[in-house]
Amino acid sequence: MVKPTDSVVATENEPLKKMAQVRNLNFYYSGKLALKNINLPVYEKKVTALIGPSGCGKTTLLRSFNRMHDLYPGNRYEGEIWLGDENPRNLLQMDPIEVRMQIGMVFQKPNPFPKSIYENIAYGLRVRGINNRAILDEVVERSLRSAALWDEVKDRLKEPGTALSGGQQQRLCIARALATDPAIILFDEPTSALDPIATVSIENLIVELKDQVTILIVTHNMQQAIRISQFTAFMYLGEIVEYNDTMSIFTKPVEQKTADYVSGRFG
Amino acid sequence: MPSQQKILNTLRNPIAIAASIQNRKRWEQFFIVLGWFSLLVALLTLVFLVSDLFLRGLPMLNWKFFTSPPSSDPEEAGILTAWVGSLLVIFVTAVVAIPLGIAAGIYLEEYAPKNWLLDFIEVNITNLAGVPSIIYGLLALGFFVYILKWGESILTAGFTLALLILPVVIVTTRESLRAIPQGIREAAYAVGSSRWQMIADHVLPYSMGGILTGIIVGISRAIGETAPLITIGALTFITFLPEPPIQSEFPYISFKWIWAPFTVLPIQMFNWVSRPQEAFQVNAAAAGIILLVLTLAVNGTAIYLRYRFRKSIKW
């Protein structure tokens, strides 16, 4: 398994920049309050983990960031999610398509398109109207290299993405998210459908990727949060109970609830 | 309760277990035999009908039969006007029903707000698929022939059959779209697609195989329809062909044929069967063979297309 990451967080000579900031967010599923007064910073080029028991709202919060809830009727947001550091914009007021063009997502179950490996990655550029072959070639190679998949698939880019193994499919989905150079990538329990070996490779990849992109990840595996994240928010019943740097959350939690959860007493 | 305990005690009794298994296997045998019998009845009927048709019709099947218009002399009579009419009518039907049906299916499944009105429309479309075809004929007679004054033309016939198969195309389009996993849609949205890009680039191509199946079923039904076409005034005896769509002079394409009177294969068959002379029965059987072959050819093309679509998509 991966070694615990360099849990170096805010030091004096490395100021943290916020990539996003959730302010007083409430979220309703057809009238039912699912997220209560969420406040959460997401720091640039760091991994922020959302942990908590099933049904606590961590995936709901994650999917608010790229407005996935807008696809289904009866959902409503209140509050703000600010995106960007210099001139932040409230992404809840933006066009959802514009939001998704800046915030990529990797899903729980690998979901490559039933198209070629190449087209899976090129698609994000094609929807933006970029069809220049040379540009696409370059982006496909760069994204696959960043997702540690290039060497395995470079000779079969024309083969369907769905023919790859589960772990490779998930890395393909990561490459697809990277291709459009997003500000943030959301990971929704990306390893829960994978075997332990594929899990290690995805975790290693996330650790490497944080140098180029901001990452927000939902995980129900606390060891994973320790291994890959710098910040952790513990959620329970739709609220953030405690947020801190990962080491503090797991070694000296302030709230009793957090202590009970991270020590395995419930959840 | 002692009696209940007695029953439960048999759960571990080897003799009771063996008896139970044997009993259940007997039922299984019974249903296998029943299944075979049902299959045999269906297949034998089909084989009998088709071979009877072929035995009777084959002597008449020759090039002249294909290229001659109908005649009062059974030896001279052919199906030229009938098969040309069938092809032209089906062409109009396909051109009208396929785009309309797919577009309506996409709208209902992907765009329409999910509410009681949509449920109401859905129930009605499903019901329309089961409305007797003669009702469509009456509707077409009133609307296309009398109100729009399209006359007893190929255009009217094509639109009538298009209305008839539209519900089938809409329903299968919706079902095929619905079968695409939600994860694929979310993946497309997540890279920044608009809804239309998600549909046009993913959902629609991936569901084309299923949509084609609906089109096959619809077109096959349309080829064999007689009642609505008689209602709108298809001729039963016609000796001339419509003006060909491709001309030797500028502008080379003519649409006059859509206004032409017509007949179709099943009507020609019906006409011959109702004649007293034995020789015309042979003609009807021969026309039946052509109708079967035409249906198989249309289906074959669609199945081939479906195969091509499915092959290009690997799940």
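Keep in mind it's a predicted model, so treat the numbers as computed, not measured. (Residues numbered from 1 in each chain as written. Chains lettered and ligands numbered in written order. Predicted model: local features only at pLDDT ≥ 70, side-chain atom pairs only at ≥ 80, totals over all residues. Heavy atoms only, no water.)

## Observations regarding the overall build of chain A
Consideration 1: A tally of regular secondary structure across chain A gives ten helices and ten strands.
Consideration 2: Taken over C-alpha atoms, the radius of gyration comes to 18 Å for chain A, in line with the 18 Å a tight globule of 267 residues would show.
Consideration 3: Taking the principal axes of the C-alpha coordinates as reference, chain A spans close to 55 × 40 × 40 Å.
Consideration 4: Within chain A, the proportion of its 267 residues that are buried is 56%.
Consideration 5: Per element, the accessible surface of chain A, about 11,500 Å² overall, is 48% carbon and sulfur.
Consideration 6: Averaging the coordinates of the 31 positive side-chain charges in chain A and doing the same for the 31 negative ones gives two points 4 Å apart. (Helix = DSSP H or I, 4+ residues; strand = E, 2+ residues; numbered from the N terminus. Rg over C-alpha atoms; globule rule 2.2 N^0.38 Å. Buried < 20%, exposed > 50% of the residue type's maximum accessible area, 1.4 Å probe, protein only. Areas by Shrake-Rupley, 256 points an atom, 1.4 Å probe, with all protein chains shown as cover. Lys, Arg positive; Asp, Glu negative; His and termini not counted. Charge placed at Lys NZ, Arg CZ, Asp CG, Glu CD.)

## With respect to the overall build of chain B
Consideration 1: Counting secondary structure elements, chain B contains twelve helices and zero strands.
Consideration 2: Start at the N end of chain B and walk to the C end: the helices and strands fall as α-α-α-α-α-α-α-α-α-α-α-α.
Consideration 3: Principal axes of the C-alpha set define a box for chain B whose edges measure 90 × 60 × 40 Å.
Consideration 4: Here chain B holds 315 residues, and 42% of them are scored as buried.
Consideration 5: For chain B, contacts bridging at least 24 residues in sequence account for 75% of all contacts bridging at least 6.
Consideration 6: When the accessible area of chain B is evaluated, it comes to approximately 17,700 Å², of which 71% is carbon and sulfur surface.
Consideration 7: Considering chain B, the positive charge centre built from 21 side chains and the negative charge centre built from 17 side chains are found 15 Å apart. (Contact = heavy atoms within 4.5 Å.)

## A word on the confidence of the model for chain A
Note that predicted coordinates carrying low pLDDT should not be read in detail.
Consideration 1: Taken over all residues, the pLDDT of chain A has a mean of 91, while the share at 70 or more is 95%.
Consideration 2: Scored below 50 in pLDDT, residues 1-12 of chain A makes 24 contacts in the model with residues more than four places away or belonging to other chains. (pLDDT = per-residue confidence, 0-100.)

## Section: a nonpolar patch on the surface
All names here are of chain B.
Consideration 1: A surface patch of nonpolar side chains, about 520 Å² in accessible area, is lined by I32, W36, L39, L43 and L46.
Consideration 2: On the secondary structure map, W36 appears in helix α2 (residues 14-57).
Consideration 3: The exposed category is assigned to W36, whose relative accessible area is 56%. (Patch = residues over 30% accessible without salt bridge, like charges linked within 9 Å, V, L, I, M, F, W, Y side chains within 5 Å. Salt bridge = Lys/Arg side-chain N within 4 Å of Asp/Glu carboxyl O.)

## Remarks on the packing of aromatic side chains
Consideration 1: This structure, assessed with the given rule, holds 17 aromatic pairs over all chains.
Consideration 2: When the centroid spacing of 5.8 Å and the interplanar angle of 90 degrees are considered together, the rings of W27 of chain B and F30 of chain B count as edge-to-face. Of this pair, W27 of chain B and F30 of chain B both sit in helix α2, separated by three residues, roughly a single helical turn.
Consideration 3: Counting every residue linked through ring pairs, the aromatic cluster contains F143, F144, W150 and F159 of chain B.
Consideration 4: Geometry around F113 of chain A places R176 of chain A over its ring, the cationic atom sitting 4.5 Å from the centre.
Consideration 5: A cation over a ring is seen here: R275 of chain B above F280 of chain B, with NZ or CZ 4.4 Å from the ring centre. (Phe/Tyr/Trp six-rings, centres within 6.5 Å; stacked < 30°, edge-to-face > 60°. Lys NZ or Arg CZ within 6 Å of the ring centre and 35° of its normal.)

## Side note on the pattern of salt bridges
Pairing between side chains becomes possible if they bear opposite charge and their charged atoms approach one another.
Consideration 1: Counted according to the given criterion, the structure contains 21 salt bridges over all chains.
Consideration 2: R227 of chain A is the partner of E203 of chain A in a salt bridge, and the nearest nitrogen-oxygen pair spans 2.7 Å. Here E203 of chain A is found in helix α7 (residues 196-209), whereas its partner R227 of chain A is found in helix α8 (residues 222-228), with 24 residues between them in sequence.
Consideration 3: A salt bridge links D52 of chain B to R56 of chain B, with the nearest nitrogen and oxygen atoms 3.6 Å apart. One end of the pair is D52 of chain B and the other is R56 of chain B, both in helix α2 and four residues apart, which spans about a single turn.
Consideration 4: We classify D52 of chain B as partly exposed; its relative accessible area is 30%.
Consideration 5: Each of E109, E122, R174 and R178 of chain B takes part in one network of salt bridges that share partners.

## Remarks on the sheet that holds strand β7 (residues 184-188) of chain A
All names here are of chain A.
Consideration 1: What the six strands build is an open sheet, ordered β6-β7-β8-β3-β9-β10; its pairing is mixed. In this open sheet, the two edge strands, each paired with only one partner strand, are β6 (103-106) and β10 (239-245). This sheet shows a mean twist of 20 degrees between the axes of neighbouring strands, independent of strand direction.
Consideration 2: Pairing between β7 and strand β8 (residues 214-218): five bridges, direction parallel. Each residue of the ladder has a partner; that of I185, found in β8, is I215. (Pairing = 2+ DSSP bridges. Axes fitted to C-alpha atoms, helices over the stretch in contact; angles between N-to-C directions.)

## Observations concerning the sheet that holds strand β2 (residues 32-43) of chain A
All names here are of chain A.
Consideration 1: In space, the four strands of this open sheet follow the order β2-β1-β4-β5, with antiparallel pairing throughout. Looking along the sheet, the strands with just one partner apiece sit at the ends: β2 and β5 (89-90).
Consideration 2: Taken together, the eight bridges between strand β1 (residues 18-29) and strand β4 (residues 75-83) define a ladder with antiparallel strand orientation. Its bridge partner being in β4, V22 is matched across the sheet by I81.

## Some remarks on the packing of helix α6 (residues 133-147) of chain B against helix α7 (residues 154-178) of chain B
All names here are of chain B.
Consideration 1: Relative to each other, α6 and α7 sit at 135 degrees, their axes nearing to 10 Å. Classified by the angle their axes make, α6 and α7 are oblique. Classified by chirality, the crossing of α7 by α6 is right-handed. Listed contacts from α7 to S133, Y136, G137, L139, A140, F144 and V145 of α6 are T156, F159, T160, L163, L164 and P167.
Consideration 2: Among the residues forming the contact of α6 with α7, the class breakdown is nine nonpolar, four polar and no charged. (Parallel < 35°, antiparallel > 145°, perpendicular 65-115°, else oblique. Left-handed = near helix turned anticlockwise from the far one by under 90°. Nonpolar A, V, L, I, M, F, W, Y, C, P; charged D, E, K, R; others polar.)

## Thoughts on the side chain of T48 of chain A
Consideration 1: In this structure, T48 of chain A sits in strand β3 (residues 47-51).
Consideration 2: Residues in contact with T48 of chain A, not counting those within four places in the same chain, are V42, Y43, I215, L216, I217, F231 and Y243 of chain A.

## Structural notes on the domain arrangement of chain B
Residues and elements named next belong to chain B.
Consideration 1: Segmenting chain B into domains produces domain 1 (2-58) and domain 2 (62-312).
Consideration 2: Placing the centre of domain 1 and that of domain 2 at their C-alpha centroids yields a distance of 40 Å.
Consideration 3: Between domain 1 and domain 2, the residue contacts involve six residues of the former and seven residues of the latter.
Consideration 4: In this assembly, domain 1 packs against domain 2 so that about 550 Å² is buried in total across both faces, 79% of it on carbon and sulfur atoms.
Consideration 5: Considering only the surface of domain 1 that becomes buried against domain 2, L53, R56 and G57 emerge as the three largest contributors, covering 75% of it.
Consideration 6: For the interface between domain 1 and domain 2, the tally reads zero salt bridges.
Consideration 7: Between domain 1 and domain 2 we count zero residue pairs in polar contact (both at pLDDT 80 or more) in total. (Domains from an automatic or database assignment. Buried area = accessible area lost by both parts, 1.4 Å probe. Polar contact = N/O pair within 3.5 Å; in protein donor to acceptor, adjacent residues only side chain to side chain.)

## A short note on the confidence of the model for chain B
Consideration 1: In the predicted model, chain B carries a mean pLDDT of 87, and the fraction of residues at 70 or more is 98%.
Consideration 2: Of all the helices and strands in chain B, helix α1 (residues 2-9) of chain B carries the lowest mean pLDDT, 79, while helix α8 (residues 182-190) of chain B carries the highest, 95.

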